[in-house]
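Okay, here's what each chain looks like letter by letter:
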Amino acid sequence: MSCNCENNGQQTLDQTIAKVDAIIGRIGTERNVIIPLLQALQEEFSYLPGDAIERIYEKTEIDRAQLISVSTFYSQFRHIPYGKHLIKVCTGTACHVKGATNVYDSFRRELKMDHDNITTNDQLFSIEKVACLGCCTLAPVVQIDEKIYGHVLPGKVNEVIDEFLEQEIQQQKATVKKTKSRVPGEIRLGMGSCCQASGSSDIYKELHKTSDELGIDVTIKSVGCVGVCNKVPLIDVVDEKGEITRYPNVKPEEIKEILHYHFKPGSLLKRLKNNLFNRVDTYHTDLTWNNVIWKPENERTGVINSFLSEQIHIATEGYGYLAPLNLEEYMGHGGFNALKKVVSEYRPNEVVKTVLESGLRGRGGGGFPTGKKWEMVATSTSPEKYVICNGDEGDPGAFMDRMILESYPFRVIEGMLIAGYATGANKGVFYIRAEYPLAVKRIRAALEFCREKNLLGKNIAGTNFSFDIEIFEGAGAFVCGEETALIASIEGERGFPKQRPPYPAVAGLNGLPTLVNNVETLSQLSFIINKGLNKYLKIGTDNSKGTKVFALAGKIKNGGLIEVPMGITLNQIIEDIGGGVEGGEKLKAVQIGGPSGGCIPANLCDVQVDFDAFNQMGAMMGSGGLVVLSEKDCMVDMARYFLSFTCEQSCGKCTFCRVGIRRMLDILDRLCSGNAVMEDIDKLEELAINVKKSSLCGLGKTAPNPVLTTLKYFRSEYEEHVQGLCKTGTCKDLIQYVVTDDCIGCTKCAKACPVDAIPYTPYEVHRINTETCVKCGLCIDECAFDAIKKVPIKDTVASE
Amino acid sequence: MQILINGKTVTAQEGETILKIAERIGYSIPTLCYADGAKHKSSCMVCAVKNTQNGQIIPSCSTVATDGMQLDTESDEIQQIRLMSLELLLSDHRADCEAPCSMVCPKGLDVERMLSFYDAEDYQAAYDVIAGAFQLPEVGCDSCKAPCEKACRRGTVDEPVAIRKIIHEVVDLFADKTDLGGKDKFNIDKKLFQSKLGRFSDDEKERLKETVTTKSSCLHCACSGKSDCKLREYSSAAGIKRTRYGLSSTLPVMQKEHVTGNLWFEQAKCVRCGLCVYNSTNGFTFKDRGFGMQVVIPTENKGNVSEKLAQLCPSGALYFSTKTPVEK
């Protein structure tokens, strides 16, 4: 790579061209394959090199105009080479409220990246902010290559980097295989992305290693997401008698003890030996003192039981015991019965009628009646129609679709097949966000299993119904969650939404009638068919039936993925399921629906979960992110956060969204930096109302909601910001750090400060140099005497 | 089928757009991103109308009428939305319709026009412009404090153009000739909307200092595409004086790019309607997204576009000019 020799340069060019040609041969030359083609190129070269692009022009129908247009629209594509390892700092909502910006800044400081550089000088690391890694309960989250780190504190980034590099070396070491004796029972381990982020892969490896060492051959089964994201890694041990013991927050070093406690290895000698070693281990490590295993049963599972008590599992049926990719097991629990019932007993219009009567509404955000959409597609006489599963979940605080795709791939496939049968479609497309590699992998495998069992393809289950499904990976654009933009991107265009009508149901993908349904919507179908309409209609409110999956995150004690019946109140979710606000702080508001939704203030949190009830409050169900905000969160900053997200994600087509949101953000920036005047608030409101009214698609029409709801319920906070006051201390430009007289001069803060803004003065009251201070908050975290305060710059009197 | 526009019943054809129907019965609706007979995608929202049945604001240029539709194309609410879309577009449109020097000349001399002839070394034409404004042989500048030089944008970059000196230089060239024939009497219509460029950033100043090297050192602020600028026309009609929103743009200000033949492109004036993109094949294209979205013309694609595209551009971004390149 670093060779300047001309011969080699030529050789590399030839190699590049050969690689590109192979990729083109595999993927195709038509204009509409541009996104998969660029994705494959990027996978090969880690960015889009100029030589490779030139080859595309030569060998395919894709021209320069299309390539520039598409490759610069989607944020996945990189035009410059990156370092060896990529650090992705999650800036999703949950991470934002827990200080993701500080984490990002710390990484840059630690890696000595200056100015606009995003790559270290030694080309070892590159860094970027990503919208959401979908591990909201572990916020703040950082991903380095494939490895996800949760709860990353600004002061600990050097440890994260060291650990990552250390692990790199470790991985090169080989493992030894040993003989084992087979025992009944099994160990179930959640292996969703969050679980993996908090170390489930390590636990998985440790389970294998330890069972090898102990000679216990027990089934170690990876199951889907268990939802209790703040208690992971979590394992369920099913012993020889079939009893289940649940261990939340297990650590690798506890595995040996757990295994040993539940299972007896094969030979007597080994048993003796193990017993002995185990004792020695127990005496010689201090880790076992606080071991989870000796805690009483109720203490271990109490939290989890209350977490689960209010939930109903429809989309996530099979929660905690279904292995994501075990088709036999899924079928053993009634999987694909709904499909079989439908294709053998129902006429397509009867299925449509059932869905209409079930009152099912689209879970993607808008809540459009699913049955009506189906009816529109079904009435078309076109011989070819599409069903698209919309898995382009882009809300920076939601990950339910990812979880469902990862954990219950068969249920979504079944839902799609039912939808296909009902509407007369014969082709299906899974549209999955590029940021969800595990979901793509699992769906791909699941489709293959279904094909083998004739649940997919020609004459499904021996009937006349034929249906096949392919996968399309999104390339990083929030707007593609909008169905017309999603279709445009499959067709190889920029994700520009189209003017409706015509609706996709009439003229969608390739001009054919197309049904676009959200992942979660499709996951509700098998329940409706299997358990019957009456049972489904009993769940929920008058106009919102069934259940809704939420990602409960933010300042909450027990966050995670929850599935609750419509009609439950937000307070019930927060108190009964979530265990209340984290750290005993006071609830201020609940942000629901992400960038399209709004903030519901604490005093209105007795509202029921219901599409219409949320809309009336100016919020929106959205995709189902539910971020709990405490008294320490600034609402103006919240609004600015969401607006900066939508501003970046706007496709740029229509004036109100492209320019209007930017102008709103300008005002919010002024507010947060103390440069606004009172009339800016009215101007902001006027802009918000008009952007909502006159934008062309759902993104623009809902983008002002976070501003409008905070203006409605927290207007006084906006006014305070005009006065230069941010009472929560969130808006950095409005505050400064000062040391109070409580300081005893212990120098902890001075040592912690990453920018040396606190001189090292033992036994003297410390001083903070406000010029160099970056307000990262590390000193406050370190100080044991609560002697560092954030005070408004405008008046230096400490605010409480 | 029948639809209702502003309370009047109209018979509409299948597939007819609201814009066409409204125009047919005498309502005029402004449009920027739409051009008759050209491919387009609604984006500007200057043609907004309201569907009074569901309260939705829709672009009339691409929405097809459906039976029983009820529309409002005239109310204050609609006018206000159109006004705001213009104001928003203008806040991202960094351009001077007229050059500041010409605007302040007490004698009404179009200084920028004169300088453009001077830079093209067409001194006769430059002289004619001066003769049209001044009572030659008396040079109007002699008793003037030269607000033109104070207003000169070049002055914010480095030194203002030595306007008075150049005027003298031109006048002196023709001093001994008496009758020169036609004088160029040209007045700027100051009642029209005047777009303002705003301040240059430090980076912009640096770039302009290095790249704009005309004989006079004039930046030629006046918009070359102003004569058929719909944005200016509608802004004037709407009575806009200046946009209420802070002016900022991510586009390179005053970067004049030669496209093909006499066709020129100036990105900072672009309203991103996409007409030039949709109506060229492998020519103009979009780059990036959101507020930072640009329309660009890659060098390799310049041969693929036709000069006629200038007629589609609703702002002064794409225009004809026979001037020699001012930028290298």
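Just so you know, these numbers come straight off a predicted model, no measurement behind them.

**Quick word on the overall build of chain B**
No. 1: Within chain B one finds 11 helices and 10 strands.
No. 2: Considering only C-alpha atoms, chain B reaches an extent of 75 × 45 × 35 Å along its principal axes.
No. 3: Buried positions account for 46% of the 328 residues belonging to chain B.
No. 4: Contacts in chain B between residues at least 24 apart in sequence constitute 70% of all its contacts with a sequence separation of at least 6.

**Thoughts on the overall build of chain A**
No. 1: Check the secondary structure of chain A and you find 32 helices and 19 strands.
No. 2: The buried share of chain A, taken over its 800 residues, is 51%.
No. 3: Looking at chain A alone, contacts between residues at least 24 apart form 74% of all its contacts between residues at least 6 apart.

**Brief notes about the packing of helix H27 (residues 655–672) of chain A against helix H30 (residues 705–722) of chain A**
To characterise two packed helices, one gives the angle between the axes of the helices and the distance between these axes.
Residue and element names in this part refer to chain A.
No. 1: The geometry of H27 relative to H30 is characterised by a closest axis approach of 10 Å and an angle of 40° between their N-to-C directions. The angle between H27 and H30 falls in the class oblique. Residues Met664, Leu671 and Cys672 of H27 form the contact with H30, whose participating residues are Val707, Tyr718, His721 and Val722.
No. 2: For the contact of H27 with H30, a count of residues per class yields six nonpolar, one polar and no charged.

**Some words on the sheet that holds strand S17 (residues 625–630) of chain A**
All names here are of chain A.
No. 1: Reading across from one edge, S14-S13-S17-S15-S16 is the order of the five strands in this open sheet, with mixed pairing throughout. Looking at which strands have only one partner, the edges of the open sheet turn out to be strand S14 (560–565) and strand S16 (598–601). Strand-to-strand twist across the sheet, computed as the mean angle between neighbouring axes with direction ignored, equals 30°.

**A closer look at the domain arrangement of chain B**
No. 1: In terms of domains, chain B is made up of domain 1 (2–74) and domain 2 (96–222).
No. 2: For domain 1 of chain B and domain 2 of chain B, the distance between their C-alpha centres works out to 44 Å.

**Remarks on the interface of chain A and chain B**
For interface size, the figure often reported is the accessible area lost on association.
No. 1: Each partner contributes residues to the interface: chain A has 30 residues there, and chain B has 34 residues.
No. 2: Sorting the residues of the side of chain A that touches chain B by element identifies helix H4 (64–71), helix H26 (635–649), H27 and helix H28 (678–694) of chain A as the ones contributing at least two each.
No. 3: The residue makeup of the side of chain A that touches chain B, split by class, is 10 nonpolar, 10 polar and 10 charged.

**With respect to unusual backbone geometry**
No. 1: Note the cis peptide between Ala139(A) and Pro140(A), where omega equals -10°.
No. 2: Mapped onto the elements of the fold, Pro140(A) is located in the loop between strand S2 (125–130) and strand S3 (142–144).
No. 3: Not every positive phi belongs to a glycine, and Asn459(A) is a case in point at roughly 45°.
No. 4: Structurally, the position occupied by Asn459(A) is in the loop between helix H19 (437–452) and strand S11 (468–473).
No. 5: Since 10 C-beta atoms lie within 10 Å of it, Asn459(A) is described here as exposed.
No. 6: At Asp288(B), a residue that is not glycine, the phi angle is positive and equals roughly 60°.
No. 7: Among the secondary structure elements, Asp288(B) is positioned in the loop between strand S8 (285–287) and strand S9 (294–296).

**A closer look at the nonpolar core**
No. 1: In terms of nonpolar packing, the biggest core is built from 274 residues, with Val141(A), Val142(A), Ile388(A), Ile418(A), Ala551(A) and Met664(A) touching the most fellow members.
No. 2: Counting residues per element, this core draws most heavily on H27(A), at 10 residues.
No. 3: Met664(A) has contacts with Leu643(A), Leu684(A), Leu687(A), Ala688(A), Val691(A) and Val707(A), leaving out every residue within four places of it along the chain.
No. 4: One finds Cys101(B), Met114(B), Ala133(B) and Leu219(B) within the second-largest nonpolar core, a separate group that totals 37 residues.

**A few points about the pairing of strand S1 (residues 2–5) of chain B**
Residue and element names in this part refer to chain B.
No. 1: A one-sided burial pattern is seen for S1, the buried positions being Ile3 and Ile5 and the unburied ones Gln2 and Leu4.
No. 2: Across four bridges, the pairing between S1 and strand S2 (residues 8–11) is antiparallel. Its bridge partner lying in S2, Ile5 is registered against Lys8.
No. 3: Here S1 runs beside strand S5 (residues 70–72); their pairing, made up of two bridges, is parallel. By the bridge assignment, Ile5 is partnered in S5 with Leu71.

**Describing the sheet that holds S1(B)**
Residues and elements named next belong to chain B.
No. 1: One open sheet accounts for five strands, arranged S2-S1-S5-S3-S4; its pairing is mixed. Edge positions in the sheet fall to S2 and strand S4 (56–59), since each of these pairs with one other strand and no more. For this sheet, the mean angle separating the axes of adjacent strands, direction not counted, is 35°.
No. 2: The pairing of strand S3 (residues 48–51) with S4 spans four bridges and is classified as antiparallel. By the bridge assignment for S4, Val49 is matched with Ile58.

**Here we look at the packing of helix H18 (residues 409–423) of chain A against H19(A)**
Residue and element names in this part refer to chain A.
No. 1: Where H18 meets H19, the axes come as close as 9 Å, and the angle between the chain directions of the two elements is 60°. The two elements H18 and H19 cross, and the hand of that crossing is right-handed. Contact residues: Pro409, Phe410 and Ile413 in H18; Arg442, Ile443, Ala446, Leu447 and Cys450 in H19.
No. 2: Looking at the contact of H18 with H19 residue by residue, the class counts come to seven nonpolar, no polar and one charged.

**Points about helix H20 (residues 483–490) of chain A**
Residue and element names in this part refer to chain A.
No. 1: Across the eight residues that make up H20, a large majority, eight, are buried.
No. 2: Every buried residue of H20 is accounted for by Glu483, Thr484, Ala485, Leu486, Ile487, Ala488, Ser489 and Ile490.
No. 3: Where H20 is buried, its residues meet helix H2 (34–45), strand S9 (386–391), strand S10 (427–432), S11 and strand S12 (514–518).
No. 4: Trailing H20 by a residue or two, Gly492 shows a phi angle of about 85°, which is positive.

**Some details on the confidence of the model for chain A**
Residue and element names in this part refer to chain A.
No. 1: In this model, chain A carries a mean pLDDT of 86, and residues with pLDDT of at least 70 account for 89%.
No. 2: In this model, residues 1–7 is a region of pLDDT below 50 whose contacts with residues beyond four sequence positions or in other chains number one contact.
No. 3: Within the model, the stretch residues 174–179 combines pLDDT values under 50 with six contacts to residues more than four positions away or in other chains.

**Brief notes about the environment of Glu128(A)**
Residues and elements named next belong to chain A.
No. 1: Checked against the element boundaries, Glu128 lands in strand S2.
No. 2: On the neighbour-count criterion, Glu128 (14 C-beta atoms within 10 Å) is partly exposed.
No. 3: It is 20 Å that separates the C-alpha atoms of Glu128 and Ala398, two residues lying 270 residues apart in sequence.
No. 4: In this structure, Glu128 is in contact with Leu86, Lys88 and Ile118, ignoring residues within four places of it in sequence.

**A look at the environment of Val296(B)**
No. 1: Locating Val296(B) in the fold gives a position in strand S9.
No. 2: Val296(B) sits in the partly exposed class, given 19 other C-beta atoms within 10 Å.
No. 3: Each C-alpha atom of the pair Val296(B) and Leu88(B) lies 21 Å from the other, and the pair is 208 residues apart in sequence.
No. 4: The contact partners of Val296(B), leaving out residues within four places of it in the chain, are Ile68(A), Thr285(B) and Lys287(B).

**Re the confidence of the model for chain B**
No. 1: Scored by pLDDT, chain B comes out at a mean of 91, with 96% of its residues at no less than 70.
No. 2: Our summary of model confidence lists the complex with pTM equal to 0.88 and ipTM equal to 0.94.

**Quick notes on the environment of Val89(A)**
No. 1: Positionally, Val89(A) belongs in strand S1 (residues 85–90).
No. 2: Those residues in contact with Val89(A) that lie beyond four places of it in its chain are Ala100(A), Val103(A), Tyr104(A), Phe107(A), Ile127(A), Lys129(A) and Val142(A).

Basis of the calculations
Residues numbered from 1 in each chain as written. Chains lettered and ligands numbered in written order. Predicted model: local features only at pLDDT ≥ 70, side-chain atom pairs only at ≥ 80, totals over all residues. Helix = DSSP H or I, 4+ residues; strand = E, 2+ residues; numbered from the N terminus. Buried ≥ 20, exposed ≤ 12 C-beta atoms within 10 Å, placed from the backbone. Contact = placed C-beta atoms within 7 Å. Axes fitted to C-alpha atoms, helices over the stretch in contact; angles between N-to-C directions. Parallel < 35°, antiparallel > 145°, perpendicular 65-115°, else oblique. Nonpolar A, V, L, I, M, F, W, Y, C, P; charged D, E, K, R; others polar. Pairing = 2+ DSSP bridges. Domains from an automatic or database assignment. Core = buried A, V, L, I, M, F, W, Y, C linked by C-beta atoms within 7 Å. Left-handed = near helix turned anticlockwise from the far one by under 90°. pLDDT = per-residue confidence, 0-100.

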